[in-house]
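# Coordinate analysis (summary)
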Amino acid sequence: MKNREVAGLLYEMAELLELHAENRFKIIAFSKAARAIESLPEDISLVCREKRLQSISGVGKAIAQKVEEYLKTGRIEAHQELLAKTPPGLVKLLQISGLGPKTVFMLHEKLNITNLEELETAAREHRIRRLPRMGPTRETNILKSIERYKKRSTRILYSTAEPIVNDILAYLRGMGGLEHITAAGSFRRARETVGDIDILATAIRPEEIVAAFVRMPLVEEVLAQGPTKASVIVQETIQVDLRIVEHQSFGTVLQYFTGSKEHNVRLRQLALNRGYSLSEYSLTRLTDSQDLFYDREEDVYAAIGLPYIAPEMREDRGEIEAALRGTLPRLLEPKDMRGDLHVHSDWSDGRASILEMAHAAQALGYEYIALCDHSPSIGIAGGLDPEKLEKKIEAIAAVNKELELEGANFTVLAGTEVDIKADGRLDYVDDLLARCDVVVASVHMGLQQTERAITGRLISAIENENVDIIAHPTGRIIDQREPYEVDMQAVLRAAARTKTVMEINSHPSRLDLNDVNAKAAKEMGVMLCINSDAHDAKQLLNMKYGVNVARRGWLEKKDVLNASSLKDLLSVLRR
Ligand SMILES: [Zn+2]
Ligand SMILES: [Zn+2]
C-alpha cells in the first residue's frame, strides 16, 4: 500500500507551503488530508482507481487531483516546484521548536542559513541575536532546541526500523550466494528505539552482495563502500551498515555486534577469568594463543561456560549472573499470546466494528478479545455515555451469538477503557463497571499534575475492585511526551497487593510499562498483560512490539495474563 508514502508527501507539501508563508487554510487542508490518508484502512491506489478519493474526509478536489497525479506519474508537479525554490535543509529547521516559518525564512534571507549546522554556528557566533525581534534569550533557546532535536533524531522507533530491515534482508536474500544474514545491534535486542541499523552476512562473493546493497532502490546516499562492507542512508537520516564476514567467525562477530556494550564487557571479563581473550572475530586461548572460531553464537557462549542468552536480555541487568546460576527465564514468545484485552471499535474512536475486530483477532489464532472503548470524559475520542455502554454490552452478547452460529471458538469480552479522572474518580459508577467482563483504567488527562496527585489517582483506581487492568501506566509517547510524574514503586506495590494487572501497551510509540518497569513488576509479583490498544484490525499486529518489551523485561508465559486460555483468564478476572 502506498498510503504512508502519499501521506508523507502531503505532509511535506504542507511544510513547504508553510515555509513559503502560503495561505493557512491551504496548509491545514494538506495536513488534514495527509492524516486521513495515513489512517485510511484501505489501499489508496484502489480508492483512486475507483474514483472515490473525494469520499475520504478532508480530501477535496485539488488534493484528489494531486494524489491521482502522484499515483499515475510518481510525482506531483506542484511539489517539485516548491522543492525547487527551497534549500533542502530549510524544511528541517521547522522542526526546531520555537522556529516558525517566518523566522526560518528571515534567517535564510539575512544570514543565508540553509541547514541545521549553519543555524547552530550562527547561534554560537551570536549572529542571530542581532536580527530584528530575536535577542540573546531567543538565541539561547534556539541552541537548546537544537540540542533536543539532535537527541531526538538520532534514534528511530523499532517499528520504523523493522520494515527497513525486512526489506533489506529480503532483497539481499533474493540475490543468491548468501549463507547467513541477520540484523545485529539494538535492533536485534529489540530496543524500543534503534540507532544505526547493522546487518551482518556471510557470502560466497562478498563484493557482489555489497554492490547489490548500495544499489538497492531504497538507498538514498552511499556513505562508504569497500570490498566487504558499506554504509548507506535510507529515509533521509537512517544509516544502515552492512558487513560481510568470514563464515567461520560469524557467531563471534554476531555476538560482538549485537551488544550491548555493557553485556559484552562482562562477557569479556568472564572469558578472561576462564583463560580466554574474546575479540570481535575469535576467542583466543591465552595458554597457547590458539584462535578458536565459532560460526554459531550458541557456541561462543558455551565456550565461556554459559547457556545461550537471548539478545533481548543482553543489557547487563543480571543476565550473566542468572546464566551462571542456571536460572535464565524461558522468555515469552509471540505464539504464546491467546488474546488481546484492550482494543477499540467504531463504538468510540476505532475504525472497525466489533465483529470485524473479532474476526481479525480470530484470524490471528486468538481465543478472545476485549472490546474496551473510551468513557464519556474522553469526548474527543467518542467516549460512551452509560446508556451507550449498556447498549454495547448487549451488542457484544449478540456478536458472541453470531460467532457461535459461525462455529467459531472465539469470545468477545465486554470491556471498557474507563478514564481515571483528574480528581482520581472513575468515569463510570461501580455498578456499571461491575457489568463489564474486563475493566481497563487509564489516565488521559491532567498529565501535568504532581507526582503525588498522579500516583494517588492510579492507586485509587487500582484499589477499586472492579478495575482489572491499568493501561499505558506512564502515559509517555516516545520522543514526543515524557512520562507523567509517578511513583511507580508505590503503584506496583498497590497492584501486587490488589492483584491488579499492569499493561504493556504495544502501540509502537507507547510501549509502557517499559522493559525496566515490566521486570520490576514481575519481581514484585505483579501480573502483566500485553495489549495492542488497536483502533483498527491491522493494529492488532502491533502485539509483537509489546512482546518485545516483555522479553526485554524477562517475562515468561506465566507472567502474562493474556497468554493464558480463556478459561484461566476468566477465573482470574472473576476473582
Ligand atoms: Zn488510552
Ligand atoms: Zn485505548
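Residues numbered from 1 in each chain as written. Chains lettered and ligands numbered in written order. Predicted model: local features only at pLDDT ≥ 70, side-chain atom pairs only at ≥ 80, totals over all residues. Heavy atoms only, no water.

## Examining the overall build of the protein
Note the cut-off: Numbering of helices and strands runs from the N terminus; a helix is a DSSP stretch of H or I covering at least four residues, while a strand is a stretch of E covering at least two. Taken over C-alpha atoms, the radius of gyration is set against a globule rule of 2.2 Å times the number of residues to the power 0.38. Working definition: with a 1.4 Å probe on protein chains only, accessible area under 20% of the residue-type maximum means buried, over 50% means exposed, and in between means partly exposed. When checking whether two residues touch, look at their non-hydrogen atoms; a contact exists if any pair is within 4.5 Å. A 1.4 Å probe and the Shrake-Rupley method give the accessible areas. Residues count as covered only by the protein chains that appear here.
Secondary structure summary: the protein contains 24 helices and 17 strands in total. Compactness check: the protein gives a C-alpha radius of gyration of 27 Å against a globular reference of 25 Å for 575 residues, within 12% of the reference. Across its three principal directions, the C-alpha atoms of the protein cover 70 × 70 × 55 Å. Buried residues in the protein amount to 53% of all 575 residues. Considering only contacts in the protein between residues 6 or more positions apart, those separated by 24 or more positions represent 66%. Of the roughly 27000 Å² that the protein leaves accessible, carbon and sulfur atoms contribute 49%.

## Points about the coordination of the zinc ion (ligand 2)
Geometrically, a metal with four donors at the corners of a regular tetrahedron has ideal angles of 109.5 degrees, and one with six donors at the corners of a regular octahedron has ideal angles of 90 or 180 degrees. Applicable threshold: In this analysis a donor is any N, O or S atom within 2.8 Å of a metal ion (3.2 Å for sodium, potassium and calcium), and since water is not included, sites may seem incomplete. Labels for metal geometry use angle windows, namely 85 to 135 degrees for all angles of a four-donor tetrahedral site, and for square planar (four donors) or octahedral (six donors) sites opposite donors over 155 degrees apart plus all others within 65 to 115; sites meeting none of these are irregular.
Summarising the metal site, the zinc ion (ligand 2) is bound by the protein donors His342 (NE2), His344 (NE2), Glu417 (OE) and Asp533 (OD), whose distances to it range over 2.1 to 2.2 Å. Every donor counted, the four donor atoms about the zinc ion (ligand 2) form angles of 83 to 167° at the centre, which fits irregular coordination. The two metals, the zinc ion (ligand 2) and the zinc ion (ligand 1), are separated by 3.4 Å and share Glu417 as a common coordinating residue. One end of the pair, Glu417, is in strand E13 (residues 411-419); the other, Asp533, is in the loop between strand E17 (528-531) and helix H23 (543-552), and 116 residues separate them in sequence.

## A word on helix H1 (residues 3-19)
We count it as follows: In a helix, the anticipated span is given by 1.5 Å times the number of residues less one.
The terminal C-alpha atoms of H1, which comprises 17 residues, lie 24 Å apart, in line with the 24 Å expected from a rise of 1.5 Å per residue. All of the buried residues along H1 are Asn3, Val6, Ala7, Leu9, Leu10, Met13, Ala14, Leu16, Leu17 and Leu19. Just past H1, the residue Ala21 takes up positive phi, approximately 50°.

## Overview of the coordination of the zinc ion (ligand 1)
With distances of 2.1 to 2.2 Å, the protein atoms coordinating the zinc ion (ligand 1) are Glu417 (OE), His444 (NE2) and His472 (NE2). Read N to C, the donor residues that coordinate the zinc ion (ligand 1) are spaced as E-x26-H-x27-H. Relative accessible area serves as the criterion here: at 0%, Glu417 is assigned to the buried category.

## Description of the pattern of salt bridges
Quick reminder of the rule: Basic side-chain nitrogens of Lys or Arg form a salt bridge, by our definition, when they fall within 4 Å of a carboxyl oxygen of Asp or Glu.
On inspection of all chains with the given rule, the structure shows 38 salt bridges. Glu556 serves as the salt-bridge partner of Lys558, at 3.5 Å between the closest nitrogen and oxygen. Members of the salt-bridge network, linked through shared partners, are Arg189, Glu315, Arg317, Asp515 and Arg552.

## With respect to the packing of helix H2 (residues 24-38) against helix H4 (residues 61-73)
Here is the rule: To obtain each axis, a line is fitted to C-alpha atoms, and for helices this fit is confined to the stretch in contact; angles are then taken between N-to-C directions over 0 to 180 degrees. In what follows, roughly perpendicular refers to angles from 65 to 115 degrees, roughly parallel to angles under 35, roughly antiparallel to angles over 145, and oblique to any angle outside these ranges. Take the far helix as the reference: if the near one is turned anticlockwise from it by less than a right angle, the crossing is left-handed, and if turned clockwise, right-handed. As a working rule, the residues Ala, Val, Leu, Ile, Met, Phe, Trp, Tyr, Cys and Pro are called nonpolar, Asp, Glu, Lys and Arg charged, and the rest polar, with Gly in that last group.
Running from N to C, H2 and H4 cross one another at 55°; their axes reach a closest spacing of 11 Å. By the criterion of interaxial angle, the relationship of H2 to H4 is oblique. For the pair H2 and H4, the crossing hand works out as right-handed. Contacts between H2 and H4 involve Ala29, Phe30, Ala33 and Ile37 from the first element and Ile63, Lys66 and Val67 from the second. Residue composition of the contact of H2 with H4, by class: six nonpolar, no polar and one charged.

## Focus on the environment of Arg551
If you trace the backbone, Arg551 turns up in helix H23. With 32 residues separating them in the primary sequence, Arg551 and Lys519 have C-alpha atoms 9.3 Å apart. When near neighbours in sequence (up to four residues on either side) are disregarded, Arg551 contacts Ala310, Glu312, Met313, Leu331, Leu332 and Glu333.

## Remarks on the sheet that holds strand E9 (residues 283-285)
Pairing between the strands of a sheet comes from backbone hydrogen bonds, and it takes one of two forms, parallel or antiparallel. Let me state the cut-off plainly: When DSSP locates at least two bridges between a pair of strands, those strands are taken to pair.
Spatially, the three strands line up as an open sheet ordered E8-E9-E10, and their pairing is antiparallel. Bordering the open sheet on either side are strand E8 (276-278) and strand E10 (290-292), each of which pairs with just one other strand. For this sheet, the mean inter-axis angle between neighbouring strands, taken without regard to orientation, is 25°. Taken together, the three bridges between E8 and E9 define a ladder with antiparallel strand orientation. The residue of E9 that forms the bridge with Tyr276 is Arg285. In this fold helix H14 (residues 261-273) packs onto E8 and E9, with an angle of close to 160° to the strand it touches most, E8.

## Concerning the domain arrangement of the protein
Accessible area lost upon the coming together of the parts serves often as the stated size of an interface. Under the convention used in this document: Those domain boundaries reflect an automatic or database domain assignment. Accessible-area loss on putting two parts together, using a 1.4 Å probe and summing over both, is the definition of buried area adopted here.
As far as domains go, the protein holds domain 1 (3-153), domain 2 (156-244), domain 3 (250-325) and domain 4 (334-573). When each unit is reduced to the centre of its C-alpha atoms, the spacing between domain 2 and domain 4 is 36 Å. Of the residues lining the interface, nine residues belong to domain 2; the matching set on domain 4 comes to ten residues. Carbon and sulfur atoms make up 53% of the surface buried where domain 2 meets domain 4, a total of about 820 Å² over both sides.

## Focus: the environment of His359
What counts here: Pairing of N or O atoms within 3.5 Å defines a polar contact, subject to two protein rules: one partner must be a possible hydrogen donor and the other a possible acceptor, and residues neighboring in sequence count only if both atoms are side-chain atoms.
Note that His359 resides in helix H17 (residues 354-363). Once the C-alpha coordinates of His359 and Val104 are considered, the two residues, 255 residues apart in sequence, prove to be 50 Å apart. Ignoring sequence-local partners within four residues, the contact set of His359 consists of Leu403 and Glu406. A polar atom in the side chain of His359 sits 2.9 Å from the side chain of Glu406.

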